[in-house]
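Read off the chains here:
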Amino acid sequence: MSKKAIIYHNPRCSKSRATLAVLEEQNESFEVVKYLETPPDAETLRHVLAALKLSPRELMRRNEVEYAENGLADETLTEAQLIQAMIDHPKLIERPIVIKGDRVAIGRPPESVIEIL
């Protein structure tokens, strides 16, 4: 298991900032990845989805303009196509995501990440 947690962070998001504060309060060693600048790759997204037992669409922010503009509600889209859409448009990814080894949590609420540390 990895010793350092990774937070996929958006500094403009209050939940993401609060989750970062939880990690700091827990004295957790972590790496911050500003996912809008450096999106997770397909392998990382597949790991996140498997760990959370979610489909790609369940990890997407469906109210974002990019969701509608790219026709992502289309039920015929494959998992690979939806994952690629999150890579191409990282704003679609639900945030914040914290990964520690094989364990993953979404910081909604921010305190939910404590259970994976």
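Here goes a summary of the coordinates provided. (Residues numbered from 1 in each chain as written. Predicted model: local features only at pLDDT ≥ 70, side-chain atom pairs only at ≥ 80, totals over all residues. Heavy atoms only, no water.)

**With respect to the nonpolar core**
Formed by 21 residues in total, the largest nonpolar core has its most connected members in Leu45, Leu59, Met60, Leu72, Met86 and Ile97. Elements that contribute at least two residues to this core include exactly α2 (42-52), α4 (79-88), β3 (97-100) and β4 (103-106). Ranked by the residues each element gives to this core, the list is headed by α4, at 5 residues. Discounting residues that sit within four places of it in the chain, Leu45 has contacts with Pro40, Leu59, Ile83, Met86, Ile87 and Ile93. (Core = buried A, V, L, I, M, F, W, Y, C linked by side-chain atoms within 4.5 Å. Buried < 20%, exposed > 50% of the residue type's maximum accessible area, 1.4 Å probe, protein only. Helix = DSSP H or I, 4+ residues; strand = E, 2+ residues; numbered from the N terminus. Contact = heavy atoms within 4.5 Å.)

**A closer look at the pairing of strand β2 (residues 30-34)**
Remember that side chains alternate between the two faces of the sheet whenever the strand is regular. Both strand β1 (residues 5-9) and β2 contribute to a ladder of 5 bridges, which runs parallel. Within β2, the residue paired with His9 across the bridge is Lys34. With respect to chirality, the unit in which β1 leads through helix α1 (residues 14-25) into the neighbouring parallel β2 is right-handed. (Pairing = 2+ DSSP bridges. Right-handed = clockwise from strand over helix to strand, strands pointing away.)

**Let's talk about the pattern of salt bridges**
Applying the stated criterion to the full structure yields 6 salt bridges. As a salt-bridge pair, Lys91 and Glu64 come within 3.6 Å of each other at their nearest N and O atoms. Residue Lys91 is located in the loop between α4 and β3, and its partner Glu64 is located in the loop between α2 and α3 (65-69); the two are separated by 27 residues in the primary sequence. Among the ionic contacts, a cluster of salt bridges with common partners joins Arg61, Glu64, Lys91, Glu94 and Arg108. (Salt bridge = Lys/Arg side-chain N within 4 Å of Asp/Glu carboxyl O.)

**As for α1**
With 12 residues, α1 should cover 16 Å at 1.5 Å per step; its first-to-last C-alpha distance of 16 Å lies within 8% of that length. When we look at burial in α1, the residues that qualify are Ser16, Thr19, Leu20, Val22 and Leu23. Taken end-on, α1 shows its buried residues confined to a sector of 155°, consistent with a single buried face. On its buried side, α1 packs onto β1, β2 and β3. Downstream of α1 by a residue or two, Asn27 has a phi angle that is positive, lying close to 55°. (Expected span 1.5 Å × (residues − 1). Arc of directions from axis to C-beta.)

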